[in-house]
Amino acid sequence: KLAISTSYEMRSGEIVVTIRAQNRSMESLSDLLLSPWLPPGFTTEKVPFVERLKSDEVALIRMPLHIDMGTRGEV
């Protein structure tokens, strides 16, 4: 029902994930939480939420990633 593709783009040290989600069903889809694979050591503040995707509609979402600095050596 839902076709998803992702791409990862790096420019000047910034990494952005682009998500393309297409509803291939004959009915609307609702309340979609899109959680793509993240490279090790990277996080994001939030994952995209699509409230409604009509039949054959395409959503394009860009999601910035951040390097997970962890606890920075603190115990």
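Each remark here, short or long, concerns the structure printed above.
In this text the structure is predicted, and so the values were computed from the model without any measurement.

K.L.:
I'd like to hear about the sheet that holds strand β1 (residues 2-11), residue by residue, with values.
P.N.:
Sheet strands pair via backbone hydrogen bonds, and the direction of the pair is either parallel or antiparallel. If you walk across this open sheet you meet the four strands as β1-β2-β6-β4, and the pairing is antiparallel. A strand with exactly one partner marks an edge of an open sheet, and here the two such strands are β1 and β4 (42-43). Across two bridges, the pairing between β4 and strand β6 (residues 58-67) is antiparallel. Across the sheet, T43 pairs through a bridge with H66, a residue of β6.

K.L.:
Before we move on, can you summarise the pattern of salt bridges with the specific residues and values?
P.N.:
In total, this model carries three salt bridges according to the counting rule given. Across the salt bridge formed by E9 and R11, the nearest N and O atoms sit 3.2 Å from each other. In this structure E9 comes out as partly exposed when scored by relative accessible area, which is 24%. Residues R62 and E9 are paired through a salt bridge, measuring 3.4 Å at the closest nitrogen-oxygen approach. In this pair, R62 is assigned in strand β6 and E9 in strand β1, connecting sequence segments 53 residues apart.

K.L.:
I'd like to hear about the environment of L32, residue by residue, with values.
P.N.:
Residue position: L32 is located in strand β3 (residues 29-33). The buried category is assigned to L32, whose relative accessible area is 14%. Considered as a pair, L32 and E14 are 18 residues apart in the sequence and their alpha carbons are 26 Å apart. Ignoring any residue separated from it by four or fewer positions in sequence, one finds L32 in contact with L2, P48, F49, V50 and L53.

K.L.:
Tell me about unusual backbone geometry, residues and numbers included.
P.N.:
One non-glycine residue, D31, adopts positive backbone phi at about 55°. Looking at where D31 falls in the secondary structure, it is placed in strand β3. Given a relative accessible area of 53%, D31 falls into the exposed group. Not every positive phi belongs to a glycine, and D56 is a case in point at roughly 65°. As for its placement among the helices and strands, D56 is situated in the loop between β5 (49-53) and β6.

Cut-offs applied
- Residues numbered from 1 in each chain as written.
- Predicted model: local features only at pLDDT ≥ 70, side-chain atom pairs only at ≥ 80, totals over all residues.
- Heavy atoms only, no water.
- Pairing = 2+ DSSP bridges.
- Helix = DSSP H or I, 4+ residues; strand = E, 2+ residues; numbered from the N terminus.
- Salt bridge = Lys/Arg side-chain N within 4 Å of Asp/Glu carboxyl O.
- Buried < 20%, exposed > 50% of the residue type's maximum accessible area, 1.4 Å probe, protein only.
- Contact = heavy atoms within 4.5 Å.

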